[in-house]
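Coordinate analysis (summary)
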Amino acid sequence: MIPYTVNIKLAARTLTGTLNLQNKTAVDWGWQGLIAQGCHSSILIIDPKTSQTIQVLERHKATVVKVKWSRENYHHSLSSPYSLRLASADAAGKIIVWDVVSGMAHCEIQEHTKPIQDMDWLWAQDASRDLLLAVHPPNYIVLWNGDTGTKLWKKSYAENILSFSFDPFEPSNLALLTSEGIVFITDFSHSKPPGSGGKKVYIASPHSSPAHNKPAAAQPTGAKKALNKVKVLITNEKPTAEAVTLNDCLQLSYLPSKRNHMLLLYPREILILDLELSQTVGVVAIERSGVPFIQVIPCAQRDALYCLHENGCITLRVCRSTTPSPNETVIDPEQNVQELVYDLRSQCDAIRVTKTVRPYRVVICPVNENSAALVVSDGRVMLWELKAHANLPTVHLLSSGLPPLYSPVNFCGTPLHQNQKCIPDLSLNTMIGHSLISGVDSPRPVAGQQEIHMKFLLTGLLSGLPLPPFSLRMCPPLTTKNINHYQPLLAVGTSNGSVLVYNLTSGLLHKELSVHSCEVRGIEWVSLTSFLSFATSVPNNLGLVRNELQHVDLRTGRCFAFRGERGNDEPAIEMIKVSHLKQYLVVVFRDKPLELWDVRTGTLLREMAKNFPTVTALEWSPSHNLKSLKKKQLAAREAMARQTTLADAEQSSVESSVISLLQDAESKSEMSQGISAREHFVFTDTDGQVYHITVEGNTVKDGARIPPDGSMGSIACIAWKGDTLVLGDVDGNLNFWDLKARLSRAVPTHRGWVKKIRFAPGKGNQKLLVMYTDGAEVWDTKEVQMVSSIRVGRNVNYRILDIDWCTSDKVVLASDDGCVRVLEMAMKSASYRMDEQDLTDPVWCPYLLLPRAALTLKAFLLLQPWSDTFTMDITHVDYKEKDEIKGLIQEQLNSLSKYEKPHSLFFIRLFGDESDLQFWTVAAHYIQSFAQSCQPNRSVPEGQTPAEGPQSSHLDICHDILCENSFFQRFQLERVRLQEVKRSSYEHTKKCADQLLLLGQTDRAVQLLLETSADNSSYYCDSLKACLVTTITSSGPSQSTIKLVATNMIANGKLAEGVQLLCLIDKAADACRYLQTYGEWNRAAWLAKVRLSPAESSDVLKRWAEHLCSPQVNQKSKAILVLLSLGCFHKVGEMLHSMRYFDRTALFIEACLKYGSSLTTASPHKLIGAAFVDYAKLLRSIGLKQGAVLWASRAGEAGKELLDELSQKESMGLEPSPSEEEVDNSLGNVE
């Protein structure tokens, strides 16, 4: 085989179109900052910041129904690098875990063949970060190892499972939404399947409750009033058949902003449940005329909900604070709390909903929670960003009647300036201050807080291809002449009459032109910037149509009808063919002789006679006489030059007339355009006879005729390149003619009708692309053998509609799943390496870098103490690494260039590093608050929370047990008060009374106990309890008796009752110890925070932290956060160091020293030295030598040895690259 040249490098890619209904739920926005979306059987990876598709994954045979990015909730190092991992599940029950950067499948999982209902990665990643839970229909949940594809366990349930939700505060809790109700699992673990069948609760549909059956006249204020009466919606008994017709609950999710709360979504309302009481504490209802919900996403940073409505409108609802606003006067504090109210704060524009255009799903950015992406069924992805604007106090929206929203007092511990113009739109919690709680927060805004309003801005839009069918044509190939201004443009004709022109280097839409009024049947380019396209209308009852043939200039967008007035009521155009020199055009009709046009002048050269044979296939010959014409032209030019130089008067008048004609012709158009070269075309008639016709200027000559080949059926298409002519027929035979050797060879392919054949571009490249009804093949015409094949049902599940070559080694296929695929010649999948392709806008995604480079980039951004100025240019830094890696890192930095010198938490958000973000948010808060409390020279013993000044803010309640005690206490009281208002049965009242006793609210508890009705079996018990509570005295004997009774109760299995008695006599510390002994660790921590003094509660929580570190629990990351909240910074430093999180340790100690939070122990220097040296070694191993020198020098004695090593190497002038072993040692991650 003669080698041929590849003329232009294009990435294989897929241009996607409309979605399948089953793709509805297949979209996810990961911590990595990218959106994954299923489109038929492919998965698109979208970068929301620049709105471009940066990868398409193809391996699924069936429709993709779910996609999920893996979580980033672990510490990243060389052994556990930043990587893009995605799990996708399809309608045939297959799950694939992808390495997205390379486009390769990491592992494949198959259990059953039904569509996967739901799946998610486990968020607690201390034990393993590869675990994936999936719901296999009808009723199995299976835990998989997503790294190896092994099944860890499988469990079946009685009902069909629709979806599930993990509790974001407690990894052992899981809720399943089933066809009949909800199943709560409390013993979920990765090591074994849940033991019990879970606790089943049934949902009574809100509409079957008696409140809805009242006559309409009785409810003057509409839906809201009625819903307030729907106290309980959750029952443990199965509802009667009439009561529940259908479980129309669309979705169930735990609230990530508050522990033990869950939301249920119905088409017209959202219910907020408090799981401790299993009852509704809040309702968001839509008025009768409102648009129903499709989906809701609860936020973690603030108690807010993003709701998607059926008209494609996204609304943001924020929970109203319980603190009354300054202008409200509270008459009775008890009346203050009625239920949780979610106020509508912002909404985006709706879309036009039609039969084919519907909103499918919305996803929000998990890192910042301030941007949302809406997926529409026609393949569009709309990217909305939430922006906050400071309200002028005068413009307060009194009309809306909503209490004002305020910006936060401080961001990550640093107070915001008094007159800060712009509120940092970094994330949801930097835009909205946290929900205030009465009794803790002053109702008036603190100085420096601004009143804000929010609005959605459309910041990006990706649109897909319209519905198939398509016709494709690639622009003329790259040559040495057009190399400077060549763009690889692909024209796609669509069924609605428009032509889309895509630039295949970037895969982006270059132009969309509305050219025709009916389906585009074919396109032919006449230059690099203009093309002809034709469309035919639906035939009338005589079989005649309206033909449209348009000439389109891409640069200006100008279209004109190429055939002028012709085209109404005539037979349909079958095909158009432009000659090789783009001089002539043949238009072939169904039942009418062909027309021959001059493309350059737009004139009709010849309309063939009535008796002209019917054309079945036609092709222009690549041979022409342009070269000999040019030679003649050149000779004439020389003669012309001679004439002017010699000024020969005797020149014959004839020659001068020829020359003047030539001058005219040349001035008309440069080079070849003025002269008409001779070109040929061949066509076949219905009998298979081949005709040869020559066109020159406006003369048309009939040439030789070749009789039909007996082995061929009716010829359907012809292709001609060089000396090879190929014919294809309706029976699937290919006939290869070698014109030079005068040989022909017929090859039966047994694939049925040959629809189209096309030669590849490029000199000497004799590859041929053949399209059949059931697929396509690539042939090598020199060897006459097949190179590759693609067949519907065998290796793909889509039908091919059109084909073309886009470069000499890549083909482009249009398929009936609405996609256009650019594939290698082997026509295998279209996934490609992400780092190999040309993007128009640089993408910020450190996950695309090599693991080592990503860590370098992070270290470079988080710490630049070696230079006083903050720089975004890594090229100046003494960084020993290959230049291309340095270049890649610099590219990432350039894509960030729009930011000023930022806060380091900003970078952690950019990396989407979940565990870093959690750690630093809590650390920044407590380092600062402990530092503040130490400043006025009053020491706070370790473990005691500093007193809160008016300016200091508390951690928001989404951090749950990590919040300050006083704040946590008030929140719990608020919650019980709400439960009390909402209680509707004796069980609820009893639970409320128990909670109040634990919280020390004895008077309210007694009131509730005395409410028990006399016919209740617990009446006597409760009355006695009420007496006991009121008469408790602190006399010794009664205390000891109660303590004895309590311990006996606990010993005999009545733990809750015993704990209550201990709390009554202020022995809550003992109660906590008993709870911990019996394994109720969470309950003990809760009780310690609400009842004990700081020192005592600190002891309880320290014991809990130790328990969390034990190997059987293995939640060290949680333990570290608990210790942070107690101010045990030295212990935190030690633990981080022992876990080999060297970068985090060094930066944490640095922060403590900077803010003057003492590391109170006997030998802080030992830890500081060790940590700084290890960090210096880490920096050296990833190539940041300047940083290594700096940290080694700060480590004091411990760093001397390393400093010497570094300076020695420098003096020798070599920096050996670190050995593998050295890197592993410095970064080994202790699991």
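Residues numbered from 1 in each chain as written. Predicted model: local features only at pLDDT ≥ 70, side-chain atom pairs only at ≥ 80, totals over all residues. Heavy atoms only, no water.

Comments concerning the overall build of the chain
Here is the rule: Think of it this way: any DSSP run of H or I at least four residues long counts as a helix, any run of E at least two long counts as a strand, and we number them from the N terminus. For every residue, the accessible area obtained with a 1.4 Å probe (protein chains only) is divided by the maximum for its type, and the residue is called buried under 20%, exposed over 50%, and partly exposed between those limits. Residue-level accessible areas treat just the shown protein chains as cover; the underlying method is Shrake-Rupley with a 1.4 Å probe.
In terms of helices and strands, the chain carries 25 helices and 60 strands. Here the chain holds 1231 residues, and the buried ones make up 56% of them. Here the chain has roughly 53,000 Å² of accessible surface; of this, 53% comes from carbon and sulfur atoms.

Considerations on helix H23 (residues 1185-1194)
To be explicit about the condition: Directions are taken from the helix axis to each C-beta atom, and the arc is the one they span.
Among all positions of H23, only Lys1185, Gly1187, Ala1188, Trp1191 and Ala1192 are buried. Buried residues of H23, seen end-on, are gathered within an arc of 155° and therefore sit on one face of the element. Downstream of H23 by a residue or two, Gly1196 has a phi angle that is positive, lying close to 70°.

Describing the environment of Leu489
How we decide: Pairs of residues are marked as contacts when any of their non-hydrogen atoms sit within 4.5 Å.
Considering the arrangement of structural elements, one finds Leu489 in strand S35 (residues 489-493). A residue is classified by how much of its surface remains accessible, and Leu489, at 2% relative accessible area, is buried. Separated by 39 residues in the primary sequence, Leu489 and Leu528 place their C-alpha atoms 8.5 Å from one another. If near-sequence neighbours (up to four positions away) are discounted, Leu489 is found in contact with Arg473, Met474, Cys475, Val501, Tyr502, Asn503, His510, Trp525, Leu528 and Leu554.

Focus: the environment of Val291
Here Val291 shows up in the loop between strand S22 (279-285) and strand S23 (293-298). Residue Val291 is classed as partly exposed on the basis of its relative accessible area, which comes to 30%. When the C-alpha positions of Val291 and His309 are compared, they lie 6.1 Å apart, and in sequence the two are 18 residues distant. With residues near it in sequence (within four places) discarded, Val291 still touches Ile286, His309, Glu310 and Asn311.

Quick word on the pairing of strand S59 (residues 810-815)
In plain terms, the rule: The pairing criterion is simple: DSSP has to find at least two bridges between the two strands.
Counting buried residues in S59 gives six out of six residues, a clear majority hidden from the surface. Here S59 shows two buried faces, one formed by Lys810, Val812 and Ala814 and the other by Val811, Leu813 and Ser815. Sheet topology note: the strand S58 (residues 800-807)/S59 ladder contains six bridges and is antiparallel. Following the sheet pairing, Ile800 is matched in S59 by Ser815. Once S58 ends, the chain turns through two residues before running back antiparallel as S59. With five bridges joining them, S59 and strand S60 (residues 820-824) adopt antiparallel strand pairing. Counterpart to Val812 in the pairing with S60 is Val822. Between S59 and S60, which follow one another and run antiparallel, lie four residues, and Gly818 among them has a positive phi close to 85°.

What to know about the sheet that holds strand S39 (residues 530-536)
Quick reminder of the rule: Every axis in this analysis is a line fitted to C-alpha atoms, fitted for helices over the stretch in contact. Angles between the N-to-C directions lie between 0 and 180 degrees.
Strand order across the open sheet formed by four strands is S38-S39-S40-S41, with antiparallel pairing between neighbours. The open sheet has two free edges, formed respectively by strand S38 (520-525) and strand S41 (559-561), since each of these has just one partner strand. Put simply, the sheet's adjacent strands are angled 25° from each other on average, direction ignored. In the sheet, S39 pairs with strand S40 (residues 547-553) via seven bridges, with the strands oriented antiparallel. Residue Phe531 lies in a different strand from S40, and its bridge partner there is Val552.

Looking at the packing of aromatic side chains
The condition is simple: In this scheme Phe, Tyr and Trp rings, the latter by its six-membered ring, pair at centre separations within 6.5 Å, and the angle between planes marks the pair as stacked below 30 degrees, edge-to-face above 60, and tilted otherwise. We call a charge positioned above a ring when the Lys NZ or Arg CZ atom is no farther than 6 Å from the ring centre and deviates by at most 35 degrees from the ring normal.
Applying the stated rule across the entire model yields 20 aromatic pairs. When the centroid spacing of 5.1 Å and the interplanar angle of 85° are considered together, the rings of Phe919 and Trp920 count as edge-to-face. The exposure class of Phe919 is buried, given its relative accessible area of 2%. Classification of Trp920 by relative accessible area gives buried; the value is 13%. Members of the aromatic cluster, each reached through a chain of ring pairs, are Tyr584, Phe612, Trp620, Phe681, Phe683 and Tyr691. The ring of Tyr798 carries the charged tip of Arg821 above its face, separated from the ring centre by 3.9 Å. Between the NZ or CZ atom of Arg1144 and the centre of the ring of Phe919, over which it lies, the distance is 5.0 Å.

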